[in-house]
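Single-letter residue listing:
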Amino acid sequence: MHRDRFYTLSASCPDRVGIVARVSGFVAEHRGWILETSLHAEPPEEGEAVGRYFMRIEIKADSLPFHLAEFRERFRPIAEELEMDWSITDSAVKKRVVVLVSKQEHCLYDLLARWQSKELDVEIPCVISNHDTFRGFVEWHGIPFHHVPVTPDNKVSAYAEVRRIVEEVRGDTIVLARYMQVLSPELCAAYPGRIINIHHSFLPSFVGAKPYHQAWTKGVKLIGATCHYVTPELDQGPIIEQDVIRIDHSDSVEDMVRYGKDIEKTVLARGLRYHLEGRVLLHGNKTIVFR
């Protein structure tokens, strides 16, 4: 990460000759200083005539003679010409991350520790939970805590309240830090590409309660975790990050649970960082991740 303030331009468009020249030429024309560039071309999918091109460019903010609003106005004709889906963000503006949690603490503790140490340089305007378990811990950090119970009978009103809170605090991203409820389709649709979840790698083999016990019984040799975007299809959203660790017959169920918690919190933090830094570009149900 650069110490200087920078803008991050993330974009994708139909592949063609001259995309990089067109974009970098625009930056150079205004004396912009490119700090980092990541590029990737995807081949055409079935039924498509051309593939898709992806780019992420970091530009030193004070090298340009204008601010983001004017950048957007000046760059828009080029983006339209290239049929580009794009966004540009300012490293000086902290993202606002709303955390949802239930009764498992490891991901919440890890995120707040990274936030407190500035490793995760974001604003956390609030934590929302369907249990009151972590109120004291969250409020000790000076973060507002909202208890929104979720039952089979109140899901519509509960998720309407979650959405109201997210809108009220102007949340940019929602992180499910082992939030053990299925979000409503309406809530998923309201924040496409903005809700991040973590789950263990045993899906779909070991569903339901006690997946680590099921995995131990079957002699599983790998434990992993998957960080992904949330969609209405449970645990089927585009994958951001994954990792695994190897185990053997000497590891107990308790060992496996401990290893699983370690890898879940690490993968969630890494996936969140990629998302916040504009390193994740969506391509249908697939992601292009510039690490």
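Residues numbered from 1 in each chain as written. Predicted model: local features only at pLDDT ≥ 70, side-chain atom pairs only at ≥ 80, totals over all residues. Heavy atoms only, no water.

If you look the protein chain up in an unreviewed UniProt entry, it shows as Formyltetrahydrofolate deformylase from Aromatoleum petrolei. Database annotation for the protein chain, UniProt heading Function (unreviewed entry): "Catalyzes the hydrolysis of 10-formyltetrahydrofolate (formyl-FH4) to formate and tetrahydrofolate (FH4)." (UniProt positions renumbered as here; feature names shortened; annotations may be inferred.)

(A) Here's a closer look at the packing of helix α3 (residues 106-116) against helix α8 (residues 253-276). Contact pair α3 / α8: the axes reach a minimum separation of 9 Å and the direction vectors enclose 45°. Put simply, α3 runs oblique to α8. Between α3 and α8 lies a crossing whose hand is right-handed. Of the residues in α8, those touching α3 at H106, C107, D110, L111 and R114 are K261, E264, K265, T266, L268, A269 and L272. Taken together, the residues of the contact of α3 with α8 break down into 5 nonpolar, 2 polar and 5 charged. (Axes fitted to C-alpha atoms, helices over the stretch in contact; angles between N-to-C directions. Helix = DSSP H or I, 4+ residues; strand = E, 2+ residues; numbered from the N terminus. Parallel < 35°, antiparallel > 145°, perpendicular 65-115°, else oblique. Left-handed = near helix turned anticlockwise from the far one by under 90°. Contact = heavy atoms within 4.5 Å. Nonpolar A, V, L, I, M, F, W, Y, C, P; charged D, E, K, R; others polar.)

(B) The UniProt feature "active site" (unreviewed entry) in the protein chain, seen in detail. When the UniProt feature table is mapped to this numbering, "active site" (unreviewed entry) covers D235. Relative to the helices and strands, D235 is located in the loop between β10 (222-229) and β11 (239-246).

(C) Structural view of the packing of aromatic side chains. This model, assessed by the stated rule, comprises 7 aromatic pairs. Ring centres of F26 and F71 lie 5.3 Å apart, and the angle between their planes is 90°; on these two criteria the pair is classed as edge-to-face. Note that F26 is positioned in helix α1 (residues 19-29) and F71 in helix α2 (residues 68-81), a separation of 45 residues in sequence. Residues F26 and F71 agree in their burial class; the two are buried. Between F75 and W86 the ring centres are 5.0 Å apart and the planes differ by 70°, which places this aromatic pair in the edge-to-face class. Placement of the pair is F75 in helix α2 and W86 in strand β4 (residues 85-90), with a sequence separation of 11 residues. For W86, a relative accessible area of 23% gives the class partly exposed. Ring pairs connect the aromatic residues F26, F66, F71, F75 and W86, which therefore count as one cluster. (Phe/Tyr/Trp six-rings, centres within 6.5 Å; stacked < 30°, edge-to-face > 60°. Buried < 20%, exposed > 50% of the residue type's maximum accessible area, 1.4 Å probe, protein only.)

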